[in-house]
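# Inside the fold
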Amino acid sequence: MNDPTPLRRALDAVTSDLRSGSTGGVVDLVRAWPEVVGPMLADVTEPGSVLDGVLTVHAADPGAASAVRQRAGEIGDRLAVVLGTGRVRQLRVVVKRRN
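The following paragraphs examine the structure supplied in this document. Computed from a predicted model, the values in this text were never measured in an experiment.

## Remarks on helix 4 (residues 62-70)
For helix 4, the complete set of buried residues consists of Ala64, Ala65 and Val68. Buried positions in helix 4, seen along its axis, are confined to an arc of 100 degrees and lie on one side of it. Exposed and oriented more than 90 degrees from the buried face of helix 4 are Pro62 and Gln70. Looking at the packing, one finds that the buried side of helix 4 touches helix 3 (39-42), strand 1 (45-51), strand 2 (54-59), helix 5 (72-83) and strand 3 (90-95).

Structure follows, in structure tokens:
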């Protein structure tokens, strides 16, 4: 009988297939999100997928989306520290109300 595949390895395979990198980077991003955007924006935004170097950021309202766009350069610099240089080259901000 075959041993089960560890969940992290299975998720790495899936995210690799989706061209979104490893789950380790995604986990790091979610954990570091308040440091990346600051505590106030972290309350009204959340990171989504990273696909072909584009990070989708979900904002709770248009004001939060605007704030992320205004701070895109600073956020990009912090993302490079968390995920590595070149991993995220662009932010895509969408308004998506949280449940």
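## Quick word on the nonpolar core
By size, the foremost hydrophobic cluster in this structure holds 20 residues, and its most contacted members are Trp33, Leu55, Leu79 and Leu91. Residue assignment for this core shows that the elements contributing at least two residues are helix 2 (23-37), helix 3, strand 2, helix 4, helix 5 and strand 3. Take this core: its biggest share by element is five residues, from helix 2.

What counts, and at which threshold
- Residues numbered from 1 in each chain as written.
- Predicted model: local features only at pLDDT ≥ 70, side-chain atom pairs only at ≥ 80, totals over all residues.
- Heavy atoms only, no water.
- Buried < 20%, exposed > 50% of the residue type's maximum accessible area, 1.4 Å probe, protein only.
- Helix = DSSP H or I, 4+ residues; strand = E, 2+ residues; numbered from the N terminus.
- Arc of directions from axis to C-beta.
- Contact = heavy atoms within 4.5 Å.
- Core = buried A, V, L, I, M, F, W, Y, C linked by side-chain atoms within 4.5 Å.

Shape descriptors only; they carry no functional weight alone.
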